[in-house]
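Chain and residue survey
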Amino acid sequence: MSRPPTTQQFVLAELRRAILARELLPNQPIRQDSVARGLGVSRVPLREALKILEAEGQVVYRPHRGYTVAELSLPDLLEVYRLRELLESEAVTLAVDHYGAAELERVEREHRAVVDAAERDDLVEMIAANRRFHFALLEPAGMPRFMRVIRTLWDATDAYRAVYYNSADNRSRVLDEHEAIVRAAREYDGAELVRLLRAHRQHAVESLRETVDTGDSSGWSSGGSSGADPRAES
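Residues numbered from 1 in each chain as written. Predicted model: local features only at pLDDT ≥ 70, side-chain atom pairs only at ≥ 80, totals over all residues. Heavy atoms only, no water.

**Quick look at the packing of helix H2 (residues 32-39) against helix H3 (residues 43-56)**
Remark: H2 packs on H3, axes separated minimally by 9 Å, with the N-to-C direction vectors making an angle of 115 degrees. Comparing their axes, H3 and H2 come out roughly perpendicular. Note on packing geometry: the crossing formed by H2 with H3 is right-handed. The residues of H3 that touch H2, namely those facing Gln-32, Asp-33, Val-35 and Ala-36, are Arg-43, Leu-46, Arg-47 and Leu-50. Split into classes, the residues belonging to the contact of H2 with H3 amount to four nonpolar, one polar and three charged. (Axes fitted to C-alpha atoms, helices over the stretch in contact; angles between N-to-C directions. Helix = DSSP H or I, 4+ residues; strand = E, 2+ residues; numbered from the N terminus. Parallel < 35°, antiparallel > 145°, perpendicular 65-115°, else oblique. Left-handed = near helix turned anticlockwise from the far one by under 90°. Contact = heavy atoms within 4.5 Å. Nonpolar A, V, L, I, M, F, W, Y, C, P; charged D, E, K, R; others polar.)

What follows is the structure, given as structure tokens:
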């Protein structure tokens, strides 16, 4: 995989990967000096990347403590997935009318990438390919503003997705559900796509209910402190 074109994008991609791979755990402080040294960058692009992750809800800034990885919260998860259902149902309903040979080949290619990553037990790549698969289904709708909002919702739940994919049963179910979704796309069946994608999301939520701590959602809901100095070391 090639390095992103800017240092900030490279740092952002590495932080996302570390959260997905559970190298950075919920409530774990992010030591900016050591992270910057490890990535071979200055703290400037690191701070900018952390501000982006803070806006997405993936990290939290607290005065005198610095940045920590956000805690997982069931209320937050339910809200994000409800928003996804509303937006993605509309997007895929419109997208199916624009599916052609190229669009369907992209969907099938990304599905194969998910399968290949699962067979290698490469969870980080499986999660990345899963994201590409879903956006291959949605992007033909031709609504870039919709897509920007949906991407933000996906970014905010990457940590949950990593937990979900840790289960071999969940990974197997994802592959089976993707097969059905691909068949519906090939048949240009928008109503069936909406139904299958809704069930797909609901299965993830039901599984995560058992593992996400509902007792303290402050790590997600408090977000960060307006006006806080992001330059402070954690």
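**What to know about the pattern of salt bridges**
Evaluation of the coordinates by the stated rule reveals 18 salt bridges. With a shortest N-O distance of 3.4 Å, Glu-14 and Arg-17 are connected by a salt bridge. Placement of the pair is Glu-14 and Arg-17 together in helix H1 (residues 7-20), with a separation of three residues, close to one helical turn. Taking the relative accessible area as the measure of exposure, Arg-17 reaches 28% and is therefore partly exposed. Between Arg-132 and Glu-125 there is a salt bridge; the shortest N-O distance is 3.1 Å. Residue Arg-132 is classed as partly exposed on the basis of its relative accessible area of 31%. Among the residues examined, Glu-125 registers a relative accessible area of 18% and is labelled buried. In the salt-bridge network here, residues are joined through shared partners; they are Glu-14, Arg-17 and Glu-23. (Salt bridge = Lys/Arg side-chain N within 4 Å of Asp/Glu carboxyl O. Buried < 20%, exposed > 50% of the residue type's maximum accessible area, 1.4 Å probe, protein only.)

**Some remarks on the packing of aromatic side chains**
One pass over the structure, following the stated rule, counts three aromatic pairs. Just above the ring of Tyr-81 sits the side chain of Arg-84; from NZ or CZ to the centre is 4.8 Å. (Phe/Tyr/Trp six-rings, centres within 6.5 Å; stacked < 30°, edge-to-face > 60°. Lys NZ or Arg CZ within 6 Å of the ring centre and 35° of its normal.)

**What to know about unusual backbone geometry**
Positive phi, close to 75 degrees, is recorded for Asn-27, a residue that is not glycine. Relative to the elements of secondary structure, Asn-27 occurs in the loop between H1 and H2. Even without being a glycine, Asp-121 presents a positive backbone phi close to 60 degrees. Position of Asp-121 relative to the elements: it lies in the loop between helix H5 (101-119) and helix H6 (123-138).

**Digging into the pairing of strand E1 (residues 59-62)**
Burial of the side chains of E1 extends over both faces: Val-59 and Tyr-61 are buried on one face and Val-60 and Arg-62 on the other. Note that E1 and strand E2 (residues 66-69) share four bridges and pair antiparallel. Note on E2: the bridge partner recorded for Val-60 is Thr-68. Between E1 and E2, which pair antiparallel one after the other, the connecting turn spans three residues, and His-64 there sits at a positive phi close to 70 degrees. (Pairing = 2+ DSSP bridges.)

**Some points on the nonpolar core**
Ranked by size, the top nonpolar core spans 73 residues in total, and within it Val-11, Leu-15, Tyr-99, Met-126, Leu-137, Ile-150 and Leu-193 carry the most contacts. Look past the residues within four positions of Leu-137 in its chain and what remains in contact with it is Val-92, Ala-95, Tyr-99, Val-107, Ile-181, Ala-185 and Leu-197. (Core = buried A, V, L, I, M, F, W, Y, C linked by side-chain atoms within 4.5 Å.)

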